[in-house]
Structures are given as C-alpha cells and as structure tokens.
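Residue strings, one per chain:
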Amino acid sequence: MQMKRQFPRWRSIKPLLGWTWPRFSKHDKKLDRCITVGDIRSLARKRVPKAVFDYVDGGANEEVSISRTRRAFARVEFRPLILRDVSSVDLSTTILGERSALPIIFAPTGYTRMMHYQGEFAVASVAFKQDLVYSLSTMGTVSIEELANAIPDVRRWFQLYMWSDRVRSLEMINRAKSAGFSALILTVDTAVPGQHDRDVRNGLTIPPKIGLRTFLNMSTKVKWWFNLLTTPPLKFATVQSEGLSPAEAASKVFDSSVDFEDIAWLQSIWSGPIIVKGVQSVEDAVKLAKLGVDAIVISNHGGRQLDRGTVPLELLPEIAAAVGGKMQVFLDGGIMSGGDVLAAIGLGADAVLIGRAYLYGAMAAGEKGVEKVISIMTKEIASTLALNGATSVDAFTSKFVRLRDHE
Ligand SMILES: Cc1cc2nc3c(=O)[nH]c(=O)nc-3n(C[C@H](O)[C@H](O)[C@H](O)COP(=O)(O)O)c2cc1C
C-alpha cells in the first residue's frame, strides 16, 4: 500500500531533537552525564596528568590481582525473590555500633591532594554530608588536626602504618585520639612497598616533577596544574618525601617486623575499636578474632601490594563463616557499583570500603565528583535491593547471592 507523503514540519521535528543550544552554566555537564563509576573513571582520565591517573588506577607488578579482583564480581549471581513489597528500602547499616547511611566506608588513601587540590577535605566533607565513615591515611596530605578542624563532625577513623620507631606510632595514635578519631585501622599488608610498574615507567615523584613530557602534557591538563601551583605545596603531612617516588616514601614508614604481638600493644594503648586491614587468609582472620580485634578488612590493598594474592570476594564466604558474629567483617577491592556492594554484603561482609571509586570522582571533579560517585552507588544499591525483593541492606543475606564457577 502507498502511504501519503507530506513535507516534514518543524512542529513535529522539534520534540525529536535531543540537543539544546550550548549555554554557559556553572554545572559540570560532563560530570552530569556520567551514569556509572566507569564513566567517572573515563572523565578522570581526561582531567589529570597520566602519571596521576596511573598512580590511582594501577597496582603492583603485572596487575593480575586488580583484574582478578574485578572479574570476581562478574561471577556474582543474584537470586531474586518476587512479589515482595519493596516500595521502601532501607540502605543503612550498623558499622562498629553506629548507624551509617550506607554500607560503604571511605578507604584510607595516601596522597589524595595529588588527585585533586581539595584532597582529603573533599572526601571527608562528602562523608559528613552523606553520613558515612571517613578514614584518614598515615600517608595523607593533610594532617590529623587539619582534617579534624576542617570537618569537625565527620565520623572518622585513623589508618595507621606501624612505624619502625614505635614512639612515632604512639605519637600519631595520641594525636588521633585527641583529634576525635574514633577507631584505628592497622594496615598489615605492607611489609615492604609493592612495586608499581606504571609509576616507575612514568617516573612519578612527590611532588610530581615537571620534565619535558610532563610540560607538554600540562597544556592538556591546565586546570589540574593551575590548582597544583596555586594551592599549598603538595607533600605528605607526616612523612618527609621531597623528590622521592611514592614507594620510597612508603618504605620510610613501613616496618617489616610488625607481628601479632603488636596488636596486643595497640590494644594496651588504644581504648577504641581496632580494625585490621589487609587480611588475606582464614587462618589470620581466626587468629585476629581470638585476639579480640573489633573488625577486619579482607583486602589485597586494591592489588597494590602482593600481586597474584587471594581475591577478597572469593575468600569472603569462608572468612565470614569462620569469624562472622565474633567481629565485623569488611571487604575492599574492586567495588565499583551498588551491585558490587550488595554482592559483598550478601556473601557475608558487614560493610565495604571503597578506594579508587571515590578517587576517580575526586580526579574528575573534586568534592562534586566524590558526591556523584556516592549518588550513583546509592541509586544502584536501592534498585538492586528492590529488584532482588529485599527491603533492607541488613536483610540482604546469603540467600540472595552466589558465586558462579564461571562468569
Ligand atoms: C591511590 C591509593 C592510595 C592508597 N593508599 C593507602 C594508604 O595510605 N593506606 C591504606 O591502608 N590503604 C591504601 N590504599 C588501599 C585502599 O585503602 C583500599 O584497600 C583499596 O583502594 C581498595 O581497592 P579499590 O581501590 O579497588 O576500591 C590506597 C589505594 C589507592 C588506590
């Protein structure tokens, strides 16, 4: 049959047009357009120098741990229940005795002001606004006191690398106590610094040096360089690091002799909760439970220390079965979406830590970028809960998740 044709009319074309004329606006349109943490990662890559992006994105040696840790999430299978009233879902949970708006904790990350000049302040500010826990690293670029003074009401934990000089450790612990940090995270997967091939190839130093290649790269990352050069000098708040590579700076702090006896020492001088981060075996989790630590983080340091180590998500069910109920079990590594968060919760974690996810946000757009990451994950957690037929994070148990043998 022949259809009658007509001339296209503006009235019928206009509603089909998916674009508007460019307008000047204070909104970061590119950030607004991001719908996943992956999109934010791509934006971050465009906005900071390569060496900075690689420092965050990369890991140890051949980065086998990073890819395995991520791929484990593709093996997750949700097992939804239908015909449940999920018109309202509760995303909050209890972390070390206090409610948190989400089962997400900001992991300690060193050198955060290199990712964005607002650094630790931006992340802690989002933690405060969103009612989440913020962890400050020993390798932070703002001091314990600066952070506490700038965002006095954020729920905050201090991450400790045990210094060879125990007097320095004690001094930091006392400062953290006076500055209102409520828990200590002892990171234990850093007997020696992991070798980050990307950093070595990029010749990354602290602060970044302006070589010829960097100089040429500057023209495409003007905003980052402008912010770096017009704000207080970039350095670790507690470690003298001028001209060192990140690994060299870290080796000034890490103590290869730390052992289980140090946990007892920490317990004797710190009255608040102690969290041991970097657990990679059931055997060690059981030992720590016997010692009475309050929580552990199953973690391979985001694949930045031992390459080809255990994969946190795969280890989680076994550890949760062995020590769950005796202490809280947290997990980190590769969490990039709300679905990932719930996968870990379903497999036995009480909460997760995120590292790179928020750092991509910081590199893309400072505080607004971190906020965006949390808003994306919040929406994803809510919809994943509802689609599984679960009404709360606390009710999201192992019946909703299993790990398939293959993707
Ligand atoms: C750039 C960067 C710096 C980090 N610095 C520290 C640190 O100073 N102390 C620490 O305990 N963990 C540190 N971590 C590890 C994180 O706390 C966390 O274990 C890891 O990022 C989790 O993996 P994810 O990045 O895939 O979320 C760092 C991670 C990154 C990416």
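S.K.: Report on the overall build of the protein, specifying residues and quantitative values.
M.R.: Of regular secondary structure, the protein possesses 18 helices and twelve strands. Taking 407 residues into account, the globule formula puts the C-alpha radius of gyration at 22 Å, and the protein, at 23 Å, falls close to it. Considering only C-alpha atoms, the protein reaches an extent of 85 × 60 × 40 Å along its principal axes. Going through the 407 residues of the protein one by one, you find that 52% of them count as buried. By sequence separation, contacts in the protein at least 24 residues apart represent 74% of the contacts at least 6 residues apart. Looking at the protein as shown, the accessible area adds up to about 19,800 Å², and 55% of this sits on carbon and sulfur atoms.

S.K.: Give a description of the site of the ligand that names residues and reports values.
M.R.: Close contacts around the ligand come from 23 residues, with Pro108, Ser137, Thr187, Asp332 and Gly334 the closest. In the model, an oxygen atom of the ligand is placed 2.8 Å from a nitrogen or oxygen of the Arg356 main chain. Burial of the ligand by the protein chains amounts to 98% of its free accessible area of 590 Å².

S.K.: Summarise unusual backbone geometry; cite the residues concerned and give the values.
M.R.: Positive phi, normally seen in glycine, also occurs at Asn61, with a value near 50°. With respect to the helices and strands, Asn61 occurs in the loop between α4 (50-57) and α5 (64-74). Of note, the phi angle at Arg308 is positive, near 65°, even though the residue is not glycine. The topology assignment puts Arg308 in the loop between β9 (295-298) and α16 (312-323).

S.K.: Residue-level account of the packing of helix α14 (residues 260-269) against helix α15 (residues 282-291), with values.
M.R.: At their nearest, the axes of α14 and α15 sit 11 Å apart, and the two run at 30° to each other. The orientation of α14 relative to α15 falls into the category roughly parallel. Here α14 and α15 pass one another in a crossing that is right-handed. Two secondary-structure elements touch here, α14 through Phe260, Ile263 and Gln267 and α15 through Asp284, Lys287, Leu288 and Leu291. In terms of residue class, the contact of α14 with α15 is built from four nonpolar, one polar and two charged.

S.K.: Give a description of the pattern of salt bridges that names residues and reports values.
M.R.: Considering all chains together, one arrives at 20 salt bridges under this definition. Between Arg79 and Glu77 there is a salt bridge, with its nearest N and O atoms 3.3 Å apart. Residue Glu77 is classed as buried on the basis of its relative accessible area, which comes to 18%. Notably, a salt bridge pairs Arg402 with Glu77, separated by 3.0 Å at the nearest N-O pair. You can see Arg402 sitting in strand β12 (residues 401-403) and its partner Glu77 sitting in strand β1 (residues 76-78), a full 325 residues away along the chain. Owing to a relative accessible area of 35%, Arg402 belongs among the partly exposed residues under this scheme. Connected via shared salt-bridge partners are Arg41, Lys50, Asp54, Asp57, Glu63 and Arg198.

S.K.: Tell me about a nonpolar patch on the surface, residues and numbers included.
M.R.: Judged by side-chain polarity, Trp10, Ile13 and Leu17 come together as a nonpolar surface patch covering roughly 290 Å² of accessible area. Residue position: Trp10 is located in helix α1 (residues 10-13).

S.K.: Can you lay out the sheet that holds strand β4 (residues 104-106) for me, pointing to particular residues and giving the numbers?
M.R.: Taking strand neighbours around the barrel as the criterion, the eight strands line up as β4-β5-β6-β7-β8-β9-β10-β11 in a closed arrangement whose pairing is parallel. Strand-to-strand twist of the sheet, defined as the mean angle between neighbouring strand axes without regard to direction, takes the value 30°. Here strand β10 (residues 328-332) runs beside strand β11 (residues 351-354); their pairing, made up of three bridges, is parallel. Bridging across to β11, Leu331 finds its partner in Val352.

S.K.: Break down the environment of Ser42 for me, with residues and values.
M.R.: Position of Ser42 among the secondary structure elements: in helix α3 (residues 37-47). Through-space distance from the C-alpha of Ser42 to that of Tyr55 is 15 Å; in sequence the pair is 13 residues apart.

S.K.: Can you tell me about the side chain of Ser135, naming the residues and giving the values?
M.R.: Relative to the elements of secondary structure, Ser135 occurs in strand β5 (residues 133-136). On the basis of relative accessible area, Ser135 is assigned to the buried category, the value being 1%. At 2.7 Å, the side chain of Ser135 and the backbone oxygen of Phe106 are in polar contact. Beyond its immediate chain neighbours, meaning those up to four positions away, Ser135 contacts Ile105, Phe106, Ala107, Pro108, Trp157 and Ile185.

S.K.: Give me the pairing of β11: which residues, what numbers.
M.R.: Burial of the side chains of β11 extends over both faces: Ala351 and Leu353 are buried on one face and Val352 and Ile354 on the other. The pairing of β4 with β11 spans three bridges and is parallel. What sits directly across from Phe106, in β11, is Ile354.

S.K.: Residue-level account of the pairing of strand β8 (residues 274-279), with values.
M.R.: Of all six residues that make up β8, six are buried, and the element is covered over most of its length. Pairing of strand β7 (residues 183-187) with β8 involves four bridges; the strand directions are parallel. Within the sheet, the bridge partner assigned to Ile185 lies in β8 and is Ile275. Pairing of β8 with β9, which is carried by four bridges, proceeds in the parallel orientation. Note that in β9 the partner of Ile275 across the bridge is Ala295. Taken together, β8, α15 and β9 form a β-α-β motif whose crossover is right-handed.

About the criteria used
Residues numbered from 1 in each chain as written. Predicted model: local features only at pLDDT ≥ 70, side-chain atom pairs only at ≥ 80, totals over all residues. Heavy atoms only, no water. Helix = DSSP H or I, 4+ residues; strand = E, 2+ residues; numbered from the N terminus. Rg over C-alpha atoms; globule rule 2.2 N^0.38 Å. Buried < 20%, exposed > 50% of the residue type's maximum accessible area, 1.4 Å probe, protein only. Contact = heavy atoms within 4.5 Å. Areas by Shrake-Rupley, 256 points an atom, 1.4 Å probe, with all protein chains shown as cover. Near = heavy atom within 4 Å. Polar contact = N/O pair within 3.5 Å; in protein donor to acceptor, adjacent residues only side chain to side chain. Axes fitted to C-alpha atoms, helices over the stretch in contact; angles between N-to-C directions. Parallel < 35°, antiparallel > 145°, perpendicular 65-115°, else oblique. Left-handed = near helix turned anticlockwise from the far one by under 90°. Nonpolar A, V, L, I, M, F, W, Y, C, P; charged D, E, K, R; others polar. Salt bridge = Lys/Arg side-chain N within 4 Å of Asp/Glu carboxyl O. Patch = residues over 30% accessible without salt bridge, like charges linked within 9 Å, V, L, I, M, F, W, Y side chains within 5 Å. Pairing = 2+ DSSP bridges. Right-handed = clockwise from strand over helix to strand, strands pointing away.

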